[in-house]
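Listed below, chain by chain, are the residues.
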Number of protein chains: 2
Amino acid sequence: MTAASMFKPDSRLDLVLDRVVDAPVDLLWEAWTTPAHLKHWFVPKPWTITHCEVDLRLGGKFHFVMRSPEGQEFPNTGCFLDIVPKQRLVWTDALLPGYRPSENPFFTAVLTFEPVKSGTRYIATAIHRDEAGRKKHEEMGFHSGWGTVLDQLVVYTKTMR
Amino acid sequence: MTAASMFKPDSRLDLVLDRVVDAPVDLLWEAWTTPAHLKHWFVPKPWTITHCEVDLRLGGKFHFVMRSPEGQEFPNTGCFLDIVPKQRLVWTDALLPGYRPSENPFFTAVLTFEPVKSGTRYIATAIHRDEAGRKKHEEMGFHSGWGTVLDQLVVYTKTMR
């Protein structure tokens, strides 16, 4: 199995957002890996992130708490699986920090960043266990949700320098 | 969280085999990461390994089929999470190759190898989701099973050179 085939999305199981955005790779990477930045763009407004932790190493903690406009909080905890600065970031909620299998595995996220003439080609892939997982994520609004936060991220990068 | 605390076993959830063995680190590493070697020692005899695949990279496949003396086959598929040659090998069945969450997550294995005067300090830690997982693994014979295959591994290394 080559690296390309290992991560080739399966349309039955996976969801993909693939866009070219007007932002440089280095700012996208920084915004993705810094809690103080993540809070500004990582959930579709008016949702907010009330808490975020990033321990950027293999098996390290990725934790965030999303808060609905009604005030309900949704904590998420997972860990990082692969970290290639400014190229690839992989994390999952199937394993807790230190690689402990989690109670409620849902998906693994693979983010890739590639510099192109007009900015960055950004590909976010959500990898699910089964078709039901993919459908659930789709119904939760993967495409509009991840698209909206990418828009927010690009706008946010303009304020970073 | 430091690296040490991230992997500090939790006695309620984890199982640990910690022994100093009369075998050099390089042979233990080679025997652990090569299918042709794994087949010789990886299950307590008279069980056998009928098939084994090792794709030694992050997210790469670790697959083996155990066969009972009665001829029943038990396939296992997981992926590698951390690979520090001759020092640390981490794999899990909670994620399939390419990091897809699996149907039946059971445990993550952390193997560490440390050269000492008389050979190698070998620590195998099995990390479970919950107490029930730890108990099940204990009842399946973790301590005698992993101890037996370590004995087999040490004997096998004598034939490798």
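(A) Up close: the pattern of salt bridges. Enumeration according to the criterion identifies 24 salt bridges over all chains in this entry. A:Asp14 is the salt-bridge partner of B:Arg100, the closest N and O atoms lying 2.8 Å from each other. Of this pair, B:Arg100 sits in the loop between strand E5 (88–92) and strand E6 (107–116) while A:Asp14 sits in strand E1 (residues 14–21), on two different chains. Given a relative accessible area of 5%, A:Asp14 falls into the buried group. A salt bridge links B:Asp22 to B:Lys158, with the shortest nitrogen-to-oxygen separation between them at 3.1 Å. On the criterion of sequence distance, the pair formed by B:Asp22 in the loop between strand E1 (14–21) and helix H2 (25–33) and B:Lys158 in the segment after helix H5 (142–157) is long-range, its members being 136 residues apart.

(B) Quick peek at the environment of B:Arg88. Residues and elements named next belong to chain B. As for its placement among the helices and strands, Arg 88 is situated in strand E5. A relative accessible area of 28% places Arg 88 in the partly exposed class. Along the backbone, Arg 88 and Glu 114 are 26 residues apart, and their C-alpha atoms lie at a distance of 9.0 Å. The contact partners of Arg 88, leaving out residues within four places of it in the chain, are Trp 29, Asp 82, Ile 83, Val 110, Leu 111, Thr 112 and Phe 113.

(C) Examining H2(B) more closely. Of all nine residues in H2(B), seven are buried, a share of seventy percent or more. What H2(B) keeps buried is the set B:Val25, B:Leu27, B:Leu28, B:Trp29, B:Ala31, B:Trp32 and B:Thr33.

(D) Examining the relation of the copies chain A and chain B more closely. For the pair chain A and chain B, the best superposition has an RMSD of 0.0 Å and corresponds to a rotation of 180° with a translation of 0.0 Å parallel to the axis. A rotation of that kind, with that shift, is consistent with a two-fold axis. A shared binding surface is used by both copies, with 100% of the interface residues of chain A retained as interface residues in chain B.

The rules behind each value
Residues numbered from 1 in each chain as written. Chains lettered and ligands numbered in written order. Predicted model: local features only at pLDDT ≥ 70, side-chain atom pairs only at ≥ 80, totals over all residues. Heavy atoms only, no water. Salt bridge = Lys/Arg side-chain N within 4 Å of Asp/Glu carboxyl O. Helix = DSSP H or I, 4+ residues; strand = E, 2+ residues; numbered from the N terminus. Buried < 20%, exposed > 50% of the residue type's maximum accessible area, 1.4 Å probe, protein only. Contact = heavy atoms within 4.5 Å. Least-squares fit on C-alpha atoms with pLDDT ≥ 70 in both.

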